[in-house]
Amino acid sequence: MALLELTGISRTFVEGDRSIDVLGNVSTAIEEEQFVSIVGASGSGKSTLLRIIVGLDEPTSGSVLYRGRPVREAATAGRIALVFQSFALFPWLTVIGNVEIALEARGVPPARRRGIADKYIDKVGLDGFEEAYPRELSGGMKQRVGLARALAVEPELLCMDEPFSSLDPLTAQGLREEVLRLWADESLPVTSVVMVTHSIDEAVLMSDRIIVLSRRPATIAADLKIDLARPRSIKDSSVQNAIDGVYSHILT
């Protein structure tokens, strides 16, 4: 059984007397131990599809199943977590408070929250910054807090919506490597990652598989396997060939 199954997903938004068809008949599956990126032209519905995957939005038609059950059950149980593009931190809470709040929402008793939060703050390299406020952190550190908060609920499926797009190139590169390291860490429960990105280079450098969405109403234009050893370098000809291959599907 696949970890996640999407069947016939469509999404239409109604604005006044007009409707906008964003997704049209998207069907795919996410297997365990996969790093999957979703790419496509701007406005193709990538983030809308991700919101449906994590249970934050309902499809107009079609179904999303997580291990054979409705996806919202899995999301409520903490089996799926989302890292936002905009950090989405509460400015009045410290680092530890921003991580603990995800555990509070899951009903974790106060006595256990601190230990779990400390564990994942340490995992993302923020040990010593527990009492810092978001205004005192760099962009990369803020995104590490968001990552720690997502990991603290111990999901099997980690979803990320353009998590590096607001970071400078060097910070983004370091955080990409950190995410891959955490995904490979067998002590963590995350088995699969789904990431939305505008960067084809980023998708090829990180992913086992790339789903290319067509222009809206989006369908799957291509589903590409990236069978390259890690770590990958943008200078390698095999990586460049893969990047060119993804672009060819987006531009058609």
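Residues numbered from 1 in each chain as written. Predicted model: local features only at pLDDT ≥ 70, side-chain atom pairs only at ≥ 80, totals over all residues. Heavy atoms only, no water.

### Focus: helix α8 (residues 237-251)
Compared with an ideal rise of 1.5 Å per residue, which puts 15 residues at 21 Å, α8 spans 21 Å between its outermost C-alpha atoms and is within 8% of the ideal. Every buried residue of α8 is listed here: Val-239, Ala-242, Ile-243, Val-246 and Ile-250. End-on, the buried residues of α8 take up no more than an arc of 100°, which puts them together on one face. Counted as exposed and oriented over 90 degrees from the buried face of α8: Ser-237, Asn-241 and Leu-251. Close packing links the buried residues of α8 with β3 (35-40), α7 (200-206), β9 (209-213) and β10 (220-225). (Helix = DSSP H or I, 4+ residues; strand = E, 2+ residues; numbered from the N terminus. Expected span 1.5 Å × (residues − 1). Buried < 20%, exposed > 50% of the residue type's maximum accessible area, 1.4 Å probe, protein only. Arc of directions from axis to C-beta. Contact = heavy atoms within 4.5 Å.)

### Notes on the confidence of the model for the protein
Put simply, the protein has an average pLDDT of 91, and 99% of its residues get 70 or more. Of all the helices and strands in the protein, helix α2 (residues 71-76) carries the lowest mean pLDDT, 78, while β9 carries the highest, 97. (pLDDT = per-residue confidence, 0-100.)

### Some points on the nonpolar core
Membership of the largest hydrophobic core comes to 42 residues, with the highest contact counts inside it found for Phe-35, Leu-147, Leu-151, Leu-158, Met-160 and Phe-164. Taken together, the elements giving at least two residues each to this core come down to β6 (80-83), α3 (95-105), α4 (110-123), α5 (139-152), β7 (157-161), α6 (169-184) and β8 (192-196). Among the elements that take part in this core, α5 stands out by supplying seven residues, more than any other. Ile-9, Ile-20, Val-26 and Tyr-66 belong to the second-largest nonpolar core, a separate cluster that totals 29 residues. (Core = buried A, V, L, I, M, F, W, Y, C linked by side-chain atoms within 4.5 Å.)

### Things to note about the sheet that holds β10
One open sheet holds the six strands; their spatial order is β6-β7-β8-β3-β9-β10, and the pairing between them is mixed. One side of each edge strand has no neighbouring strand; the edge strands of this open sheet are β6 and β10. Strand-to-strand twist in this sheet, taken as the mean axis angle between neighbours without regard to direction, amounts to 15°. Both β6 and β7 contribute to a ladder of four bridges, which runs parallel. (Pairing = 2+ DSSP bridges. Axes fitted to C-alpha atoms, helices over the stretch in contact; angles between N-to-C directions.)

### Side note on the pattern of salt bridges
Opposite charge on two side chains makes pairing possible when the charged atoms of those side chains draw close. Overall, the coordinates contain 15 salt bridges when judged by the stated rule. We note a salt bridge from Arg-181 to Glu-178, for which the minimum N-O separation is 2.5 Å. Of this pair, Arg-181 and Glu-178 are both found in helix α6, three residues apart, which corresponds to roughly one turn of the helix. Residue class for Arg-181 comes out partly exposed when judged on its relative accessible area of 39%. Among the charged side chains, a network of salt bridges with common partners joins Glu-32, Arg-67 and Glu-156. (Salt bridge = Lys/Arg side-chain N within 4 Å of Asp/Glu carboxyl O.)

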